[in-house]
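Each chain, letter by letter, is given below.
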Amino acid sequence: MLIDWQAFRLTVELAVVVSAILLVIGLPLAYWIAFSRWRWKFLVEALVALPIVLPPTVLGFYVLVALGSRSPLGRWWQSLTGHTLAFTFTGLVIGSILYSLPFAVQPFAASFSSVDRKLLAASSTLGASPLRTFLRVVIPLSMPGLVTGVVLAFAHTMGEFGVVLMIGGNIPGVTRTVSISIYDQVQASDYAAANAMALSLLVFCFTVLSVVYAMNRRAPNQKLRIVGPDK
């Protein structure tokens, strides 16, 4: 078959897991970036955005070192499981989270920053807790940006190459993703298979992004109802 479905399924699984984890850890981080007044906040913002400008092989190399048997994390994981994190699916997840972090956090933070501060003040005046304000005010008003961030992280993870290759290598069914499969097919001069895989990935990612942007464009303005604390 021209399309390596095993690699395609593994890549989709990786992208789903990474997107879900980034949603969990990205929301509080983005909220802090959007509303914190700490004077050195820009250092955290620069650290989050670093994977955008770093070559994937550089990030992949340092993640590989951090996950290897010579690092404290690698030794602890090896003593716990009997193997290192490098060249495993779990290692791919960790590296992909770091590599796709800015593609989730930056849209989240931009959406949070656009929320009218008067609505937050009104919610606080009515006695709503910060958590309730976040769930009932900030999240609904930021939903298009949150969806965009999750989908961008998903699509970005689908197309990873350098980080995946450095951390996971090329183990079929374990770490061999679509991008690695395409590279192997090109190296073997099997351009028909490489084209089929590349075209499938292109169509898949384009379709996902098109649906999301169309949904965001057509989404009606949400009516917000600020509710005080539960009785």
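Since we're looking at a predicted model, the values are computed, not measured. (Residues numbered from 1 in each chain as written. Predicted model: local features only at pLDDT ≥ 70, side-chain atom pairs only at ≥ 80, totals over all residues. Heavy atoms only, no water.)

Here we look at the side chain of D4
- Residue placement: D4 occurs in the segment before α1 (5-35).
- Not counting chain neighbours up to four residues away, the residues in contact with D4 comprise R176, S181 and M197. (Helix = DSSP H or I, 4+ residues; strand = E, 2+ residues; numbered from the N terminus. Contact = heavy atoms within 4.5 Å.)

Some points on helix α5 (residues 89-113)
- The terminal C-alpha atoms of α5, which comprises 25 residues, lie 35 Å apart, in line with the 36 Å expected from a rise of 1.5 Å per residue.
- When the local axis directions of α5 are compared, the greatest deviation, roughly 50°, occurs at S100, which is followed within four positions by the proline P102. (Expected span 1.5 Å × (residues − 1). Bend = angle between axes of the 7 residues up to and from the residue.)

What to know about the environment of G127
- Here G127 lies in the loop between α6 (117-125) and α7 (130-158).
- Sequence separation of G127 and R117 is ten residues, and the distance between their C-alpha atoms is 16 Å.

Examining the packing of α1 against α5
- Where α1 meets α5, the axes come as close as 6 Å, and the angle between the chain directions of the two elements is 45°. One finds that α1 runs oblique with respect to α5. Seen along the crossing, α1 lies across α5 with a hand that is right-handed.
- When its residues are assigned to classes, the contact of α1 with α5 shows 25 nonpolar, four polar and one charged. (Axes fitted to C-alpha atoms, helices over the stretch in contact; angles between N-to-C directions. Parallel < 35°, antiparallel > 145°, perpendicular 65-115°, else oblique. Left-handed = near helix turned anticlockwise from the far one by under 90°. Nonpolar A, V, L, I, M, F, W, Y, C, P; charged D, E, K, R; others polar.)

Here's the deal with the packing of α1 against helix α2 (residues 41-53)
- At a closest axis distance of 10 Å, the pairing of α1 and α2 adopts a crossing angle of 140°. Overall, the two elements α1 and α2 adopt an arrangement that is oblique. Here α1 runs over α2; the crossing is left-handed. Of the residues in α2, those in contact with L29, W32 and I33 of α1 are K41, V44, E45 and V48.
- Looking at the contact of α1 with α2, its residues break down into five nonpolar, no polar and two charged.

Side note on a nonpolar patch on the surface
- On the surface, W32, W38, W40, F42 and L43 cluster together into a nonpolar patch covering about 520 Å² of accessible area.
- Tracing the backbone shows W38 in the loop between α1 and α2.
- Taking relative accessible area as the criterion, W38 reaches 43% and is therefore assigned partly exposed. (Patch = residues over 30% accessible without salt bridge, like charges linked within 9 Å, V, L, I, M, F, W, Y side chains within 5 Å. Areas by Shrake-Rupley, 256 points an atom, 1.4 Å probe, with all protein chains shown as cover. Salt bridge = Lys/Arg side-chain N within 4 Å of Asp/Glu carboxyl O. Buried < 20%, exposed > 50% of the residue type's maximum accessible area, 1.4 Å probe, protein only.)

Re the pattern of salt bridges
- As enumerated under the stated definition, the model contains two salt bridges in all.
- Among the ionic pairs, R176 bridges to D4, the shortest N-O distance being 3.9 Å. Taken together, the positions of R176 in the loop between α8 (162-168) and α9 (178-187) and D4 in the segment before α1 put the pair 172 residues apart, joining distant regions of the chain.
- With its nearest N and O atoms 3.4 Å apart, the salt bridge here joins D184 to R176.
- For D184, a relative accessible area of 22% corresponds to the partly exposed category.
- In this structure, a network of salt bridges that share partners links the residues D4, R176 and D184.

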